[in-house]
Amino acid sequence: MDFVILSLVMLGIGIYGLLTNRQLLKVFISVELIATAATLNFVMLTSSMGQGLGQAFLILAFSTDTAVSAVILALLVIVSKKYGTSNLSEIIKMQEKSESEAEA
Amino acid sequence: MILEIVSIGLIISACLALFLDEMVYSVAALSGTFIFTAILYILNGSVFAAIFQFVVGIGTLAILFLSGEMLGDKPTKKASPKKTLALIGIGIVLSLPAIFLSFSGSSGTTTDASFGDALWNLRGMDVVLQALVVLTVAMGIAIVLYEKRKGGQ
């Protein structure tokens, strides 16, 4: 059982989801998965060394993760309110449309 | 054996969280991911980390359930059990390398190594990969800023 490969697989799934999903909430879930993969790797490193200090530093990783989640969620709410949808393709289309209207 | 089962569950729930159409089911699968991660931490003796994972996970899930209901678009077609089964199968296949392969050389009981030694000898590959990711992101940001400046002129 190799936890490096496990966390790499998790990271791969997260990055694939980030690149392929068009729903903003799914993008948020992908970011959560990437953060979980990084944290998993860090915890397994410290537990393999038998040191508790790494777990204490883990609080920093979790708080950073929570802050990132809060910012992403705030952006998501703003974008959804502004454009009325949470689909990235539709948002990009609307943005391009409004830009071309502003130019004309 | 328990570790392997939990790892398979972790990967399956991650796949389901990303690729299920209904938002509520995705969030439920994400809760499974958090729970399996916490169980992995407990099995490796990191109880403190597991408790934090639970606490942070519960907060994230509560917010995601609410925002998923409020902001998520309703799927036009019903989720098919075939797709769910296919996702579970993909999850099992993806978790096999973690169970059978190993490139760190040990499943990790090096209690006498210093932090620097352990970081480079056991996790050298991760460090290099993370450096590559950071480099790629930095180059991407630089390219986007350059294109923006070019477009502005």
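Everything numeric here is computed off the predicted structure, so don't read it as measured data.

1. A look at the overall build of chain B
Here's step 1: Per the secondary structure count, chain B includes 5 helices and 0 strands.
Here's step 2: The secondary structure elements of chain B, listed N-terminal to C-terminal, are α-α-α-α-α.
Here's step 3: Buried positions account for 29% of the 153 residues belonging to chain B.
Here's step 4: Residue pairs at least 24 apart in sequence account for 59% of intrachain contacts in chain B once pairs closer than 6 positions are excluded.

2. With respect to the packing of helix α1 (residues 3-20) of chain A against helix α1 (residues 2-19) of chain B
Here's step 1: Relative to each other, α1 of chain A and α1 of chain B sit at 5 degrees, their axes nearing to 10 Å. In terms of orientation, α1 of chain A and α1 of chain B fall into the roughly parallel class. Taken together, the residues of α1 of chain B that come into contact with α1 of chain A (itself represented by Leu6, Val9, Met10, Ile13 and Gly17 of chain A) are Ser7, Ile11, Ala14, Cys15 and Leu18 of chain B.
Here's step 2: Along the lines of polarity and charge, the residues of the contact of α1 of chain A with α1 of chain B split into 8 nonpolar, 2 polar and no charged.

3. Section: the confidence of the model for chain A
Here's step 1: Mean pLDDT for chain A: 83, with 92% of residues reaching 70 or above.
Here's step 2: Within chain A, the lowest mean pLDDT, 80, falls on helix α3 (residues 53-83) of chain A, and the highest, 88, falls on α1 of chain A.

4. Remarks on the interface of chain B and chain A
Here's step 1: On the side of chain A, 39 residues touch chain B, which itself brings 48 residues to the contact.
Here's step 2: Counting residues per element, the ones that place at least two in the side of chain B that touches chain A are α1, α2 (23-43), α3 (47-71), α4 (81-100) and α5 (115-152) of chain B.
Here's step 3: Per element, the largest residue contribution to the side of chain B that touches chain A is 9 residues, and it comes from α3 of chain B.

5. Digging into α1 of chain B
Here's step 1: Between the first and last C-alpha of α1 of chain B there are 26 Å, a value that for 18 residues agrees with the 26 Å anticipated at 1.5 Å per step.
Here's step 2: Burial in α1 of chain B covers these residues: Val6, Ser7, Leu10, Ile11, Ile12, Ser13, Ala14, Cys15, Leu16, Ala17, Leu18 and Phe19 of chain B.
Here's step 3: Buried residues along α1 of chain B sit in contact with α1 and α2 (24-49) of chain A together with α2 and α4 of chain B.

6. Overview of the nonpolar core
Here's step 1: In this structure, Met10 of chain A together with Ala14 and Cys15 of chain B are the most contacted members of the largest nonpolar core, which totals 49 residues.
Here's step 2: Tallying contributions element by element places α2 of chain A first for this core, with 14 residues.
Here's step 3: What alanine 14 of chain B contacts, discounting residues up to four positions off in sequence, is Met10, Ile13 and Leu33 of chain A together with Thr33 of chain B.

7. Things to note about the confidence of the model for chain B
All names here are of chain B.
Here's step 1: Of the residues in chain B, 80% have a pLDDT of 70 or more, and the chain-wide mean is 79.
Here's step 2: Element-level mean pLDDT values for chain B span from 78 in α5 up to 89 in α2.
Here's step 3: For this predicted complex, the interface score ipTM comes out at 0.85, while the overall pTM is 0.76.

8. Regarding helix α4 (residues 88-103) of chain A
Residues three or four positions apart in an α-helix share a direction because the helix packs 3.6 residues into each turn.
Here's step 1: Compared with an ideal rise of 1.5 Å per residue, which puts 16 residues at 22 Å, α4 of chain A spans 23 Å between its outermost C-alpha atoms and is within 8% of the ideal.
Here's step 2: Across the 16 residues that make up α4 of chain A, only a small minority, 0, are buried.

9. Regarding the environment of glycine 9 of chain B
Residues and elements named next belong to chain B.
Here's step 1: Of note, glycine 9 is situated in helix α1.
Here's step 2: Residue glycine 9 is classed as partly exposed on the basis of its 19 C-beta neighbours within 10 Å.
Here's step 3: Residues contacting glycine 9, with those up to four places away along its chain left out, are Gly32 and Phe36.

10. Considerations on the environment of isoleucine 39 of chain B
All names here are of chain B.
Here's step 1: Tracing the backbone shows isoleucine 39 in helix α2.
Here's step 2: Since 18 C-beta atoms lie within 10 Å of it, isoleucine 39 is described here as partly exposed.
Here's step 3: C-alpha separation for the pair isoleucine 39 and isoleucine 8, spaced 31 residues apart in sequence, amounts to 12 Å.

11. Section: the environment of valine 93 of chain B
Here's step 1: Here valine 93 of chain B lies in helix α4.
Here's step 2: Each C-alpha atom, one on valine 93 of chain B and one on isoleucine 12 of chain B, is 9.3 Å from the other, the two residues being 81 residues apart in sequence.

Criteria and thresholds
Residues numbered from 1 in each chain as written. Chains lettered and ligands numbered in written order. Predicted model: local features only at pLDDT ≥ 70, side-chain atom pairs only at ≥ 80, totals over all residues. Helix = DSSP H or I, 4+ residues; strand = E, 2+ residues; numbered from the N terminus. Buried ≥ 20, exposed ≤ 12 C-beta atoms within 10 Å, placed from the backbone. Contact = placed C-beta atoms within 7 Å. Axes fitted to C-alpha atoms, helices over the stretch in contact; angles between N-to-C directions. Parallel < 35°, antiparallel > 145°, perpendicular 65-115°, else oblique. Nonpolar A, V, L, I, M, F, W, Y, C, P; charged D, E, K, R; others polar. pLDDT = per-residue confidence, 0-100. Expected span 1.5 Å × (residues − 1). Core = buried A, V, L, I, M, F, W, Y, C linked by C-beta atoms within 7 Å.

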